[in-house]
Protein chains: 2
Amino acid sequence: MELPELLVIHPAPVFIIHQQQFSQKFKLLKAYESPLSTKHFLQTHAQSTKALICYGKSPITSDILRRLPSLKLVVTASTGFNHIDLPECRRRGIAVANTADVFSEDTADIGVGLLIDVLGKISSGDRFVRTGIWPKNIYYPLGSKLRGKHVGIVDLGNIGLKVAIRLEAFGCKISYNSRQKKPVPYNFYPNVCELALTCNILVICCTLTVETRHLIDKDVLKALGKDGILNNIARGPIVDEKELVKFLVEGEIAGAGLDVFENEPKVPQELIALDNVVLTPHRAAFTEEAFRDAFQLVLANLEAFFSNIPLISPVIDE
Amino acid sequence: MELPELLVIHPAPVFIIHQQQFSQKFKLLKAYESPLSTKHFLQTHAQSTKALICYGKSPITSDILRRLPSLKLVVTASTGFNHIDLPECRRRGIAVANTADVFSEDTADIGVGLLIDVLGKISSGDRFVRTGIWPKNIYYPLGSKLRGKHVGIVDLGNIGLKVAIRLEAFGCKISYNSRQKKPVPYNFYPNVCELALTCNILVICCTLTVETRHLIDKDVLKALGKDGILNNIARGPIVDEKELVKFLVEGEIAGAGLDVFENEPKVPQELIALDNVVLTPHRAAFTEEAFRDAFQLVLANLEAFFSNIPLISPVIDE
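Residues numbered from 1 in each chain as written. Chains lettered and ligands numbered in written order. Predicted model: local features only at pLDDT ≥ 70, side-chain atom pairs only at ≥ 80, totals over all residues. Heavy atoms only, no water.

Topic: the relation of the copies chain A and chain B
- Rotating chain A by 180° about the axis while translating it 0.0 Å along that axis superimposes it on chain B, leaving an RMSD of 0.1 Å. Taken together, these values place the two copies in the relation of a two-fold axis.
- Most of the interface of chain A is mirrored in chain B, where 100% of its interface residues are also at the interface. (Least-squares fit on C-alpha atoms with pLDDT ≥ 70 in both. Contact = heavy atoms within 4.5 Å.)

Here is the structure:
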């Protein structure tokens, strides 16, 4: 029996790690390994390609969709889907599936971990120990207490709520910003600046959209203030990175925990020179278990599609 | 009016940071700044010294107590008091006060922070970003999920319980070891080896006593196993560090988060060479807020003593 075809323009990390298993279930059409240009590769497989797998760094544009007239399913090995032209998919009757919230628990964990790290100076303490300074200088600067801090969650969605619930267990006070007030026992601020003005810490949990690009700008950072800490576990471009660097370098905010950057994998040298920031390489969701769950969900959606049964985690285009 | 005398043999970090405030309230007898030997310094002030302040690294032995016949109060700027000869204090009618649990919330926070760090590779990710490798190698190893992990708390005391409550919010399963079963909804293991055998992670929260020295030995580490993680936020000598190093170097356990070491501030070079350990310089409790609280409690005990009213946080010698 012939395996169904699966187009891979650029390989998602989840795909790379589980490639062996994918290859047992599908005939993989790997554009990225072909000597042909992507355009020609797509042209070659245009008539047969019914399904493709993508991820955040492999955009599915209207141009790509136009070149694949037989395409009926786009599966993204990610929770976010702003790299997919959803209106064009809808117009062409192409279904879209994502990995639902398989990454949200781990992302929330890293959100909290980065916060404890920045306040308690864990990574900088680790650096201090590894450079061998400790025996010569036993007085390392004090950290700052998490308990009692007022944390502002920027977008109390799936991940934001998980961060909030965890931080409650640490004795933090929680407020949030979202498009709408939610049925939660936290203070709601419709304006991010007002949230920043009230809070010691902001944790960015929103998706990247045209509206949220540079949502965290000069005004928000100013409102956060000299003792404020900014954590970003969402997407780099939500923060105006140039301004953030300036505020950090000039000591106009106290620190930052950043898992994402505006021009990943490029990280501004000014940040690397600072001791009061923790910089991780877009790792929040990257656990073995979440990758396995994501793989299984991608596979389940593909199998559902090829068996003509409803998708497990379809993206609903609002 | 003359200020009451306060003897300081070696200065505690809390004392150093709040020295100015102490000097406004007391006539400080600083043995560590005197050209005299400690022995001679004590001899000079033997008749007048009624109160002294100490901390973990400034032991109050029977020899010191013998040299201070007028001493009536020992205040330690720490929660632990195993550096004070309590039976000898009792024999001589000397009261002892500590800083109660002012450090326990922060210590529990760092316990959780170290765990998220080891599992999610935060400090090692930060190192990866800072060395500039990310743009050349975007595939950083996956971390491990916290949710669903079975965490064993070694001594469910004040700090252990705080760690447990926090980790419950992350979806961890909690078991514990203690001298006695406690009225908590966690599984009790009277034997540390059995606890290690059942759990993915051990968090050491017990005090250092003759019984707990090297409690975490070869057998416990073997029971913890290849995928196991050890976190120590208590005291270095509770772990047989030589064995721990061996298990880590040989990959017989998966990682460690260590805020304390057997011969602080010396840290074994083998640990520094590893990427799967997070090493902080005995920082768990060291926040500005906790130090301020500790200062206030030390001060309140001293003021109570000199006003002949009951101590605020006396140590009861059982």
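Having put the structure on the table, let's press on.
So, the packing of aromatic side chains
- According to the stated counting rule, one finds 19 aromatic pairs over all chains in the structure shown.
- Taking the centre distance of 6.1 Å and the plane angle of 75° together, the rings of phenylalanine 103 of chain A and phenylalanine 291 of chain A count as edge-to-face. Taken as a pair, phenylalanine 103 of chain A in the loop between strand 5 (95-97) and helix 6 (104-120) and phenylalanine 291 of chain A in helix 13 (residues 288-306) lie far apart in primary sequence, 188 residues in all. Like phenylalanine 103 of chain A, the residue phenylalanine 291 of chain A is buried in the burial classification.
- Arranged with centres 5.9 Å apart and planes meeting at 70°, the rings of tryptophan 134 of chain A and phenylalanine 261 of chain B form a pair that is edge-to-face. A residue pair is termed interchain when its members come from two chains, as with tryptophan 134 of chain A in the loop between helix 7 (122-130) and strand 6 (150-154) and phenylalanine 261 of chain B in the loop between strand 11 (255-258) and helix 12 (269-272). Per residue, the accessibility class of tryptophan 134 of chain A equals that of phenylalanine 261 of chain B, and both read buried.
- Members of the aromatic cluster, each reached through a chain of ring pairs, are Phe15, Phe22 and Phe295 of chain A. (Phe/Tyr/Trp six-rings, centres within 6.5 Å; stacked < 30°, edge-to-face > 60°. Helix = DSSP H or I, 4+ residues; strand = E, 2+ residues; numbered from the N terminus. Buried < 20%, exposed > 50% of the residue type's maximum accessible area, 1.4 Å probe, protein only.)

Re the pairing of strand 7 (residues 173-177) of chain B
All names here are of chain B.
- Most of strand 7 is tucked away, with four of its five residues classed as buried.
- In this structure, strand 6 (residues 150-154) lies alongside strand 7, joined through five bridges in parallel fashion. Bridge assignment links glycine 152 to a residue of strand 7, and that residue is serine 175.
- Pairing of strand 7 with strand 8 (residues 187-188), which is carried by two bridges, proceeds in the parallel orientation. Following the sheet pairing, serine 175 is matched in strand 8 by asparagine 187. (Pairing = 2+ DSSP bridges.)

A few points about the interface of chain A and chain B
- If you look at the interface, chain A gives 60 residues, while chain B gives 60 residues.
- Of the roughly 5,000 Å² buried between chain A and chain B on both sides combined, carbon and sulfur atoms contribute 64%.
- Considering only the side of chain A, the residues that lose the most area to chain B are Arg130, Trp134 and Leu142 of chain A, jointly responsible for 16% of the buried surface there.
- If you look at where chain A meets chain B, you find eight salt bridges.
- With a shortest N-O distance of 3.1 Å, lysine 145 of chain A and aspartate 106 of chain B are connected by a salt bridge.
- Counting across the interface, chain A meets chain B through 29 residue pairs in polar contact (both at pLDDT 80 or more). (Buried area = accessible area lost by both parts, 1.4 Å probe. Salt bridge = Lys/Arg side-chain N within 4 Å of Asp/Glu carboxyl O. Polar contact = N/O pair within 3.5 Å; in protein donor to acceptor, adjacent residues only side chain to side chain.)

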